[in-house]
Amino acid sequence: MAQIIDGKAVAAFVKNREKDKVADLNNQGIKVSLAVILVGNDPASCVYVANKRKDCDELGINSIEYALPEETTMDELLALIDKLNKDKDINGILCQLPLPRHLDETQVLEAISPLKDVDAFHPENVGRIMMGKYEFLPCTPAGIMEMLSYYNIETSGKNCVVIGRSNIVGKPMAMLMLHSNSTVTICHSRTKNLKEVCNGADILISAVGKADFVTADMVKDGAVVIDVGMNRNGAGKLCGDVDFESVKEKASMITPVPGGVGPMTRAMLMCNTVTAALKQNGLK
Ligand code: GUN
């Protein structure tokens, strides 16, 4: 049976590390601040934003929330981002996605200063990731790399299969595994022979968004399985993409849902916020 990768424990480790950095900065008279913009009242987004506030409170980061009405215009949102970009007391800016349909997500993400872009969604930061010279990494892929490192999971020379090609997870994840010397395959909805491709994976990372998508017959004996999915099953229970019960019998290590990748995503936002503060104060 697989060893369970404890995302909560790794997240606690990362948050403690970052908390010490915040305390150091505070001792130098520097406050660390994160601005979070929420447009409308999508219930999931409200929960995510509340969790971010909790994490900031735990680490001693000042969190400033801008809850804007659903009918906020592009001009209003861009004006707020412009103000926050110029505000020396704000280190990081995050605009919670998805935005209401009438707002142009690409334009909004491009408006956030790359220096304060704690999501690493700005094209400049995306480009830096491609080149392997980055300050910020998107939180979920960065969190997975932290977990692999915490558990001393060898990546060099390994076959890594990433299922999913989103800009937020699949593509940057593949790039980070490439930088860490894995041989990387990205699979998606048009991939032929998905099962065979996945069976070649020493490290299998699923970011699909479908419950029970990864079944035991897709997993090589002894593979490391990372589940990015956050789904509800038929009974309404939170679950990942991986059929955990059967896959854990084949994998050597596996992340659970909940308690795997999720807590890491949250921890890495804190990490990026501290990095932003260090950079802006010439300390990194
Ligand atoms: N909505 C869901 N996940 C995220 C995230 O990581 N960043 C932002 N900005 N919005 C999200």
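The structure presented is a predicted model; accordingly, all values stated were derived computationally and were not measured.

1. Some remarks on the overall build of the protein
In step 1: If you tally the helices and strands in the protein, you get 10 helices and 11 strands.
In step 2: Relative to the globule expectation of 19 Å for 284 residues, the C-alpha radius of gyration of the protein, 19 Å, shows essentially globular dimensions.
In step 3: Counting only C-alpha atoms and orienting by the principal axes, one finds that the protein spans roughly 50 × 40 × 35 Å.
In step 4: Split into buried and exposed, the 284 residues of the protein put 49% on the buried side.
In step 5: Restricting the contact set of the protein to residue pairs at least 6 apart, pairs at least 24 apart contribute 71%.
In step 6: For the protein, the computed accessible surface area is about 13,400 Å², with 51% contributed by carbon and sulfur atoms.
In step 7: A gap of 2 Å separates the mean positions of the 31 positive and 35 negative side-chain charges of the protein.

2. Here's the deal with the pairing of strand 7 (residues 203–206)
In step 1: Residues Ile203 and Ile205 of strand 7 are buried on one face, and the alternating residues Leu204 and Ser206, pointing to the opposite face, are buried as well.
In step 2: When strand 5 (residues 159–163) meets strand 7, the two strands line up parallel, connected through 4 bridges. Pairing of Ile163 across the sheet is with Ser206, part of strand 7.

3. Section: the side chain of Lys15
In step 1: On the secondary structure map, Lys15 appears in helix 1 (residues 7–27).
In step 2: Lys15 sits in the buried class, given a relative accessible area of 14%.
In step 3: At 3.4 Å, the side chain of Lys15 forms a polar contact with the side chain of Asp55.
In step 4: Contacts of Lys15, omitting those with residues within four sequence positions, involve Asp55, Glu58, Leu59 and Ala267.

4. Concerning the pattern of salt bridges
In step 1: According to the stated counting rule, one finds 14 salt bridges in the structure shown.
In step 2: In this structure, the salt-bridge partner of Lys195 is Asp217, at a minimum N-O distance of 3.8 Å. Note that Lys195 is positioned in helix 8 (residues 194–199) and Asp217 in the loop between strand 7 and strand 8 (224–227), a separation of 22 residues in sequence.
In step 3: Among the residues examined, Lys195 registers a relative accessible area of 40% and is labelled partly exposed.
In step 4: We classify Asp217 as partly exposed; its relative accessible area is 38%.

5. Considerations on the pairing of strand 5
In step 1: Buried residues dominate strand 5, accounting for 4 of its 5 residues.
In step 2: The pairing of strand 5 with strand 6 (residues 183–187) spans 5 bridges and is classified as parallel. Bridged to Val161 within strand 6 is Thr185.
In step 3: With helix 7 (residues 170–179) bridging strand 5 and the parallel strand 6, this β-α-β connection has right-handed handedness.

Criteria and cut-off values
All residue numbers refer to positions counted from 1 along the written sequence of the respective chain. Local features in a predicted model are, by the rule used here, given only for residues with pLDDT of at least 70; side-chain atom pairs are given and counted only at 80 or more, and totals for whole chains, interfaces and linings are based on all residues. Heavy atoms throughout the structure, all of them, feed into the side-chain values; hydrogens and water do not. Starting at the N terminus, helices and strands are each numbered in turn, a helix being any DSSP run of H or I of at least four residues and a strand any DSSP run of E of at least two. This radius of gyration counts C-alpha atoms alone. The globule rule is 2.2 Å times how many residues there are, raised to the power 0.38. Burial classification: accessible surface area is computed with a 1.4 Å probe over protein chains only, and a residue below 20% of its type maximum counts as buried, one above 50% as exposed, and the rest as partly exposed. Note on contacts: a residue pair qualifies if any of its non-hydrogen atoms lie within 4.5 Å across the two residues. Only the protein chains shown count as covering a residue, and every accessible area follows the Shrake-Rupley method with a 1.4 Å probe. Residues counted as positive are Lys and Arg, residues counted as negative are Asp and Glu, and His and the chain ends are not counted. Lys charges are placed at NZ, Arg charges at CZ, Asp charges at CG and Glu charges at CD. Being paired, for any two strands, means DSSP has found at least two bridges between them. We define a polar contact as two N or O atoms separated by no more than 3.5 Å, with the added condition that, inside protein, one atom must be a possible hydrogen donor and the other a possible acceptor, whereas residues neighbouring each other in sequence contribute only through side-chain atom pairs. Throughout this description, the term salt bridge denotes a Lys or Arg side-chain nitrogen within 4 Å of a carboxyl oxygen of Asp or Glu. The path from the first strand over the helix to the second decides the hand: if it runs clockwise while the strands point away from the viewer, the crossover is right-handed.

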